[in-house]
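Chain residues, written in single-letter form:
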Amino acid sequence: MGATGKPLLYGVGLGPGAPDLVTVRARAIVLAADRLVHFCKRGRRGNARSTADAIVAPDPAREIALAFPVTTEAEVGSPDYDGPIAAFYEAAAERLAAEMLAGRTLAVLCDGDPFFYGSFMHLWRRLSHRFPTEVVPGVTGMTGAWGEAGAPITWGDDVMTVLPGTLPEAELARRLADTDAAVIMKLGRNLPKVRRALAAAGLAERAIYVERATMARQVVARLCDKRDDEAPYFAMVLVPGEGRRL
């Protein structure tokens, strides 16, 4: 059973990046929390913290940056990745626990929604049974992507599948062939593999590439028109459904 009482730990979804897509609830918590926590690459600010700039000015005394020890340098699932990342989450959880034991409220700033492929979940698993916790839903990145692309994703009885691009190519192709609509996330270096899987499933012509949806450097294009295989983490591929239209 989870901890009860007034929340000390908040997982705050800040949406896909546009400041005006932050919810009223999220804004109130960001303004009120004693500490603002965000994940980031070493030496860089996290995207969620940048989104929060529209709400609150930087304050070093109030902020806790959690810098990942490894990002793209090692393969997910390998000891070189999983070992350091697991140790990182353990240390981060204890650091935040010390703040809450001192009575401080923490807002962990999250891209999109905290419970949708979010790093916050690894903290939640370690801390929510110890401290009162609230999760504040956010607009997901994929919602922002299909809105910006002008691409209704599901029609009628279409079934949509959300896939991480980190899956093996054959698994991606199998699942794509067995769905009506799809969102493929976590592109990065996986884009060439995703292209091949889409082609194998007969969906390459329907695929839409969206990069940094709702953000300043947004890119929206048919995937077949994208000539290179460079893609940031905040990119995804949409495959709109073709179901019943009245």
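Before reading on, note that the structure itself is shown above.
This one's a predicted model, so the numbers in the text were calculated from it and none came from an experiment. For every chain, the first residue of the written sequence is number 1, and numbering continues from 1 onward in sequence order. Per-residue local features are limited, in this predicted model, to residues with pLDDT of at least 70; the limit for side-chain atom pairs, both in listing and counting, is 80 or more; totals at the level of whole chains, interfaces and linings are taken over all residues. Calculated side-chain values reflect all of the structure's heavy atoms, with hydrogen atoms and water omitted.

A. Here's a closer look at helix α6 (residues 169-177). Only protein chains enter the area calculation, which uses a 1.4 Å probe; residues under 20% of their type maximum are buried, those over 50% are exposed, and those in between are partly exposed. The secondary structure listing takes helices from DSSP runs of H or I that are at least 4 residues long and strands from runs of E that are at least 2 residues long, numbered from the N terminus. Within α6, burial applies to Leu-172, Ala-173 and Leu-176. The arc enclosing the buried residues of α6, seen along the axis, measures out at 95°, which places them on a common side. Only heavy atoms matter for contacts: two residues are in contact if any of them lie within 4.5 Å across the pair. Its buried side turned inward, α6 meets β6 (160-164), β7 (181-185) and α7 (191-200). Directions are taken from the helix axis to each C-beta atom, and the arc is the one they span.

B. Quick peek at the sheet that holds β6. Overall, mixed pairing links the five strands, which are arranged β6-β7-β10-β8-β9 in an open sheet. Either end of the sheet is taken by a strand with one partner, and the two such strands are β6 and β9 (219-222). On average, each strand axis in the sheet is inclined to that of its neighbour by 15°, with strand direction left out of account. Whether two strands pair comes down to DSSP finding at least two bridges between them. Where β6 and β7 come together, five bridges link them in parallel fashion. Its bridge partner lying in β7, Met-160 is registered against Ala-181. To obtain an axis, a line is fitted to C-alpha atoms, over the contacting stretch when the element is a helix, and the angle between two such axes runs from 0 to 180 degrees between their N-to-C directions. Packed on one face of the sheet, helix α5 (residues 141-149) meets β6, β7, β8 (208-211), β9 and β10 (235-239) and runs near 65° to β10.

C. Geometry of the side chain of Asp-113. For Asp-113, the location among the structural elements is in the loop between β4 (106-110) and α4 (120-127). Here the positive residues are Lys and Arg and the negative ones are Asp and Glu; neither His nor the chain ends is included. For this analysis, a salt bridge means a side-chain nitrogen from Lys or Arg found within 4 Å of a carboxyl oxygen belonging to Asp or Glu. Put simply, Asp-113 is tucked away with no salt bridge, and the nearest opposite charge, on Arg-25, sits 12 Å away. Throughout this description, a polar contact denotes any pair of N or O atoms lying within 3.5 Å of each other; where both atoms belong to protein, one of them has to be capable of donating a hydrogen while the other can accept it, and for residues adjacent in sequence the pair is counted only when both atoms sit in side chains. Among the polar contacts made by the side chain of Asp-113, one reaches the main-chain amide nitrogen of Gly-138 at a distance of 3.0 Å. In this view, Asp-113 contacts Pro-137, Gly-138, Val-139 and Thr-140; residues no more than four positions away in its chain are not counted.

D. Main features of the sheet that holds strand β3 (residues 63-67). Read across the sheet, five strands follow the order β3-β2-β4-β1-β5 without closing on themselves; strand pairing throughout is parallel. The strands lining the two open edges of the sheet, one partner per strand, are β3 and β5 (133-136). The sheet shows a mean angle of 20° between the axes of neighbouring strands, taken without regard to direction. Of the pairings in the sheet, the one linking strand β1 (residues 9-13) to β4 comprises five bridges and is parallel in character. Within β4, the residue paired with Gly-11 across the bridge is Val-108. Relative to the sheet, helix α3 (residues 79-101) contacts β1, β2 (35-40), β3 and β4, its axis offset from that of β3 by approximately 170°. The sheet contacts of α4 involve β1, β2, β3, β4 and β5, and relative to β5 the element is tilted by about 160°.

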